[in-house]
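Single-letter residue listing:
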Amino acid sequence: MMIRTAAFMVLMLAPAALAAQTPQTGQGRLEIVGEAPGACVVRGPATATATNASYTSIGPSGGQVRITEMVSSPQSLSLGATVDIALTVVCNSPHQLLLRSENGGMLRNGSRPGAASGPFAEFLPYEFRAAWLGRGVSSTSNGPGPLVMQSNQGGAGQLSLGVVLPEGVRLAGGDYRDAVILEFRAAE
């Protein structure tokens, strides 16, 4: 009987001994955080095709268009010109594209918009246009505000920027200039 009692006691103690050897488990949490700010990047240099004009890249974010022949001789009528520029753009968030003219058009040096020298104009408005992410917009350089294109999503690809100078406008002699400013604004 003593052996049975001892065996019974060992069996009764065994679960307690086994429970004492069971490892305790815990739980922890590791949080990983980061921020990818909204951004639009224009990657240059741009490429261009032109009629009666040439394009020269000036670094990754600029270029110069030079009109080959601004007017015909002897009537001094504008000959017109077109330039289509392709830029690689990456925007990782919703964004807005703005396109505006610094002078509102080709302005003769030393003059002001709307000025005339007798029957000759000293200011030549033109058309500009943009195509981006399958959408296109256009406006005149002297429009009421910048040309705006809104995108509710990110995108990457080619932005096409076009400038079209009109034909048949009598222009006063001199140097004409303008700057087209292209701006991408990423959503916050």
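Refer to the preceding data block for the structure.
Residues numbered from 1 in each chain as written. Predicted model: local features only at pLDDT ≥ 70, side-chain atom pairs only at ≥ 80, totals over all residues. Heavy atoms only, no water.

### Some remarks on the overall build of the chain
Scanning the chain from terminus to terminus reveals one helix and 15 strands. Within the span of the chain, comprising 188 residues, buried residues form 24% of the whole. If you take every contact in the chain between residues at least 6 apart in sequence, the share linking residues at least 24 apart comes to 71%. By element, 55% of the accessible surface of the chain is carried by carbon and sulfur atoms, the whole surface being about 12,300 Å². (Helix = DSSP H or I, 4+ residues; strand = E, 2+ residues; numbered from the N terminus. Buried < 20%, exposed > 50% of the residue type's maximum accessible area, 1.4 Å probe, protein only. Contact = heavy atoms within 4.5 Å. Areas by Shrake-Rupley, 256 points an atom, 1.4 Å probe, with all protein chains shown as cover.)

### A closer look at the packing of aromatic side chains
Under the criterion given, the structure shown has two aromatic pairs. Each ring, one from Y126 and one from F128, has its centre 6.2 Å from the other, and the planes form 65 degrees; the classification is edge-to-face. You'll find Y126 and F128 in the same group, each marked buried. An angle of 70 degrees between the planes, with centres 5.8 Å apart, marks the rings of W132 and F184 as edge-to-face. Taken together, the positions of W132 in strand β10 (residues 127-132) and F184 in strand β15 (residues 180-186) put the pair 52 residues apart, joining distant regions of the chain. (Phe/Tyr/Trp six-rings, centres within 6.5 Å; stacked < 30°, edge-to-face > 60°.)

### Here's the deal with unusual backbone geometry
Residues S73 and P74 are joined by a peptide bond in cis, for which omega reads -5 degrees. The residue N52 is not glycine, and still its phi comes out positive at about 60 degrees. Tracing the sequence through the fold places N52 in the loop between β1 (40-51) and β2 (53-57). With a relative accessible area of 22%, N52 lands in the partly exposed category. The phi angle at S76 is positive, at roughly 60 degrees, despite the residue not being glycine. Looking at where S76 falls in the secondary structure, it is placed in the loop between β3 (63-67) and β4 (77-91).

### As for the state of the cysteines
One pass over the full model with this rule turns up one disulfide. Between the sulfur of C40 and that of C91 lies a disulfide, 2.1 Å long from S to S. Every disulfide takes its handedness from the sign of the S-S torsion; for C40 and C91 that torsion is 125 degrees, giving right-handed. Taken as a pair, C40 in strand β1 and C91 in strand β4 lie far apart in primary sequence, 51 residues in all. On the accessibility criterion, C40 (21% relative accessible area) is partly exposed. (Disulfide = S-S within 2.5 Å.)

### Re the sheet that holds strand β14 (residues 176-177)
Pairing in this open sheet of three strands is antiparallel, and the strands run β9-β6-β14 from one edge to the other. Only two strands of the sheet have a single neighbouring strand rather than two, namely β9 (123-124) and β14. (Pairing = 2+ DSSP bridges.)

### Structural notes on the nonpolar core
V89, L159, L165 and F184 are the most contacted members of the largest nonpolar core, which has 27 residues in total. Put simply, the parts of the chain that give this core at least two residues each are β4, β5 (95-101), β10, β12 (147-151) and β13 (155-170). The greatest single-element share of this core, amounting to six residues, is contributed by β4. Excluding residues that lie within four positions of it along the chain, V89 makes contacts with V41, V42, W132, G155, A156, G157, L159 and F184. (Core = buried A, V, L, I, M, F, W, Y, C linked by side-chain atoms within 4.5 Å.)

### Remarks on the pattern of salt bridges
Under the defined criterion, the tally for this structure stands at four salt bridges. Across the salt bridge formed by E31 and R29, the nearest N and O atoms sit 3.5 Å from each other. A single burial state applies to E31 and to R29, both of which are exposed. A salt bridge links R108 to E122; its shortest N-O distance comes to 3.4 Å. Note that R108 is positioned in strand β6 (residues 106-108) and E122 in the loop between β8 (120-121) and β9, a separation of 14 residues in sequence. You can call R108 partly exposed: its relative accessible area is 24%. (Salt bridge = Lys/Arg side-chain N within 4 Å of Asp/Glu carboxyl O.)

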